Amino acid sequence: MTGTTSGQSAAGVVAWPQGSPFAGMDICAAAGLALRPGATGPIFDQDVWDFSGVAGLPAYLQPSFRRLGFISITYPAWRLVAKEHMAALLVPGHERVRLLPGARRHPLAVTSCAQHLDHLTCWLNWLTARGITGLGEVTNALCQEFAAERARRTDADGTMIGDRPHARYRALQTVSELARYRDLYTADRYSSEVTVAAGAPKVRGLGPVENRTPVVPDSVFGPMLAAALYVTGVLGPHITDLLAERASLQVRRQESTLKDPRRPEAVDDVLSVIAGHVAAGRPLDRLPEDRIRARAREGRMRPDDPLLPVSVDALARQAGYRQSHMTAWLPRLRPALEDAVRQVGTAPPWAHDAPVVDRADGNGTLPWTMPLTGKHARDLHDYLRTAAILVTAALSGMRKSELCELTTGCCPPPRELIPGLVRYRITGKVIKRAPLGGTPDEWVVTKEVYDAIAAATKLPRTATAGTSLFGRFTFSLLFRTFRNWVNGPAGQRLGFEPIPPGQVNLRMLRRTLAVELAYRPGGLLAAKIHLKHVSVATTEGYAARPGGSQARFLAEVNKEEHNRNLAIIQAAYSNFQDGIMPSGPGARDLTALFADTAETTSARQPPTVIPGDQQVRTMLGKRAKTLHLGPANYCWFTDPAKALCLRQAGTPDADQPLLAMCDSARCPQATHHPSHREIWADTVTQHQEFIATLPRSQKTERARLEAELARARRVLAGIDAAASPGKGQPTWDA
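This is a predicted model, so every value here is computed, not measured. (Residues numbered from 1 in each chain as written. Predicted model: local features only at pLDDT ≥ 70, side-chain atom pairs only at ≥ 80, totals over all residues. Heavy atoms only, no water.)

Student: Outline the overall build of the protein, listing residues and values.
Tutor: Scanning the protein for helices and strands turns up 25 helices and 14 strands. Taking all 734 residues of the protein together, 44% fall into the buried category. Pairs at least 24 apart in sequence give 65% of the contacts found in the protein among residues at least 6 apart. (Helix = DSSP H or I, 4+ residues; strand = E, 2+ residues; numbered from the N terminus. Buried < 20%, exposed > 50% of the residue type's maximum accessible area, 1.4 Å probe, protein only. Contact = heavy atoms within 4.5 Å.)

Student: Outline the sheet that holds strand β10 (residues 421-430), listing residues and values.
Tutor: The strands making up a sheet are joined through hydrogen bonds of the backbone, oriented either antiparallel or parallel. Across the sheet, which stays open at both edges, the three strands sit in the order β9-β10-β11 with antiparallel pairing between neighbours. In this open sheet, the two strands that pair with only one neighbour each are β9 (415-418) and β11 (439-445). Taking the axes of each pair of neighbouring strands and ignoring which way they run, one obtains an average angle of 35 degrees across the sheet. Against the sheet, helix α14 (residues 447-457) touches β10 and β11, its axis set at about 55 degrees to β10. (Pairing = 2+ DSSP bridges. Axes fitted to C-alpha atoms, helices over the stretch in contact; angles between N-to-C directions.)

Student: With reference to specific residues and values, describe the packing of aromatic side chains.
Tutor: For the structure on display, the rule yields 18 aromatic pairs. Ring geometry for Tyr383 versus Trp485: centroids 4.6 Å apart, planes at 15 degrees, classification stacked. Taken together, the residues Tyr383 in helix α12 (residues 374-396) and Trp485 in helix α15 (residues 475-487) connect sequence positions 102 residues apart. Across the pair, exposure class does not vary: Tyr383 and Trp485 are buried alike. A cation sits over an aromatic face here: Lys400 above Phe473, 5.3 Å from the ring centre. (Phe/Tyr/Trp six-rings, centres within 6.5 Å; stacked < 30°, edge-to-face > 60°. Lys NZ or Arg CZ within 6 Å of the ring centre and 35° of its normal.)

Student: Report on the state of the cysteines, specifying residues and quantitative values.
Tutor: By the definition in use, this model includes zero disulfides. Summary of cysteine pairing: Cys635 is not part of a disulfide, and the nearest cysteine sulfur, belonging to Cys667, is at 5.8 Å. By relative accessible area, which is 5% here, Cys635 ends up buried. (Disulfide = S-S within 2.5 Å.)

Student: If you had to explain the side chain of Thr121 to someone new, which residues and values would you point to?
Tutor: Note that Thr121 resides in helix α3 (residues 110-129). Residue classification places Thr121 among the buried residues on the basis of a relative accessible area of 10%. Excluding anything up to four places from it in sequence, Thr121 contacts Ser72 and Ile73.

Student: Account for the packing of α3 against helix α5 (residues 165-180), naming residues and giving values.
Tutor: Between two packed helices, the angle of one axis relative to the other and the distance separating the axes together describe the packing. Packing of α3 against α5 leaves a shortest axis separation of 10 Å and a crossing angle of 85 degrees. By the angle between their axes, α3 is roughly perpendicular relative to α5. Residues His116, His119, Leu120, Trp123 and Leu124 of α3 lie in contact with α5, whose contacting residues are Arg170, Thr174, Val175, Glu177 and Leu178. Of the residues belonging to the contact of α3 with α5, the class tally is five nonpolar, three polar and two charged. (Parallel < 35°, antiparallel > 145°, perpendicular 65-115°, else oblique. Nonpolar A, V, L, I, M, F, W, Y, C, P; charged D, E, K, R; others polar.)

Bear in mind that shape data such as this cannot, by itself, settle questions of function.
In structure tokens:
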């Protein structure tokens with residue numbers, strides 16, 4: 001029997017004499033998932049499969065992804081279908097599963113099964129809402145209707161405003177799964193009319209696509225990174241010291257034996273504490289504002305009472321008593337308290353004598369914080385933690401799964417390769433595309449990242465060796481709280497530039513770093529962090545572990561560099577077509593390439609057809625691979641033997657140019673373009689100003705600078721001449 005019909009119950013399709021072939025199965029044992037000592041795993045017949053006891057689950061995995069819940073499926077008979085489907089995904093080697101021609105041959109991870117179950121629950125409940133009580137009633141038309149509904153993009157009013165191709169594809173994949181495993185289910189199944197091909201057609205345009213993750217806008221990225229670096233580099237030690245002091249005080253309170261506040265000498269002891277505050281000029285502890293408002297609202301004290309903000313409980317603890325009897329004590333304490341408030345006032349209890357630091361904007365110095373309440377002191381933990389996450393993600397490209405696997409012992413001592421050359425390494429695990437439990441990995445990072453992680457390891461909640469450094473976190477919530485603090489009174493007092501509104505997530509930070517390294521070696525990030533150091537760290541991490549996480553990130557950077565080079569050479573080709581030529585010693589070779597490209601693409605097309613961009617990209621792609629960005633030129637590294645920098649360094653066989661030694665005015669592989677004009681114009685101006693300040697006695701230095709000025713003027717004149725359409729290629733004489 002292949003399925004149910006409208007007059008047939010779900011039980012009529014049972015093909016397994018003893019019921020489900022998975023009945024009573026220990027899921028973890030069958031799937032080969034190891035359990036932590038003392039933990040138990042789920043049994044097939046349970047309505048909730050809890051995998052929390054499985055050893056090696058990723059640290060970032062939320063509790064909801066550690067459990068597979070089938071109760072959300074409205075129609076009870078289909079819960080068994082869903083259980084059998086999940087069992088088949090987890091245990092593809094089961095005797096009943098391996099006989100299915102369309103079944104998966106490799107087990108899925110628990111998190112992937114949770115995602116599959118969410119989509120499957122949505123599909124089954126969609127059918128129930130339409131009055132369908134048997135999978136045999138499902139038709140191809142219903143499958144397409146479900147996919148179309150899931151693909152609808154609507155506005156707040158429910159009006160359709162577009163289509164989501166990937167949502168349609170995901171919906172059709174879900175429908176197709178139940179067709180592929182049709183012969184496995186014992187409670188219900190599709191009829192033979194529903195086919196795999198109908199369930200998951202090929203969706204056009206869903207092949208390999210460019211990375212569409214946006215970069216973080218400069219207006220957001222700059223203030224965000226500056227604030228995060230200031231918190232980890234300047235405020236970090238002060239924050240950890242303050243939090244350690246609070247933690248130590250809490251331990252002492254727990255270990256100490258407090259006296260009974262009903263003792264007759266209690267009030268005298270509290271009066272002594274008050275006198276001590278006055279003698280030392282130390283303000284009385286102030287209640288948090290919400291407690292002050294509550295005290296006034298409850299009518300316990302008048303709103304204008306000078307003792308309204310005073311924490312008598314804090315005075316009682318300082319005197320060694322468990323709690324205050326404020327109602328009983330206040331008549332005797334009031335005169336002393338009012339006198340103390342007049343003399344020393346009140347203030348939050350923490351950070352009274354905060355050390356002085358430089359402001360973030362460089363405008364003077366100030367105490368690193370104003371006095372803090374207990375809540376505000378606790379909040380500093382999250383600000384430092386968030387800043388460390390931001391710095392690490394923005395300057396290393398680590399994914400969330402990798403950040404969550406870092407522990408407090410992940411910072412081995414820096415290694416000095418040669419005097420003055422230090423390398424910083426971070427140890428952790430790679431989770432993506434790795435077996436359960438992850439694969440040990442190591443990242444070579446910059447000093448800023450190392451210092452940020454080292455600061456986070458000193459936070460009291462993570463001070464125990466081997467514990468998770470950042471734990472599980474919701475980045476959007478952490479970043480929103482951090483931005484509010486930076487933009488609030490405390491952040492503005494420290495001189496932070498406000499962080500404007502805008503979305504930021506960890507994928508965007510990884511993408512931003514890749515684009516900065518590939519496209520903008522002199523951009524905003526370079527002003528905050530030496531990009532060469534980040535690039536070297538990433539490259540060395542790849543060299544140390546060619547299959548590790550930094551190798552994958554470097555591949556993303558290389559892809560961005562290739563796209564950048566294609567865009568640059570296409571722009572230069574477009575200028576060539578408009579009569580704007582390159583200049584420099586290598587200009588003749590480049591214009592010859594452009595002329596050949598134009599002639600070849602035109603010859604391949606009918607006279608009335610303009611060559612497409614893809615044809616031009618294909619022809620220029622090979623030369624684009626040789627492009628390197630110089631400080632004020634493009635280096636077309638086609639022949640190492642011609643590279644002036646390699647000849648000067650005595651390394652003619654190197655496979656990369658030495659851009660730090662580039663002399664683009666003489667190298668036969670260097671070209672100048674209109675985008676470089678501003679740099680050369682600034683060079684001319686700076687040389688003129690410097691020469692004007694030289695005394696007459698420095699003749700040698702003057703001669704050297706005048707020769708450089710003359711060369712810069714020739715380069716500038718060449719750029720201007722070549723940028724004038726119709727004037728042709730200028731003669732270059734270095």
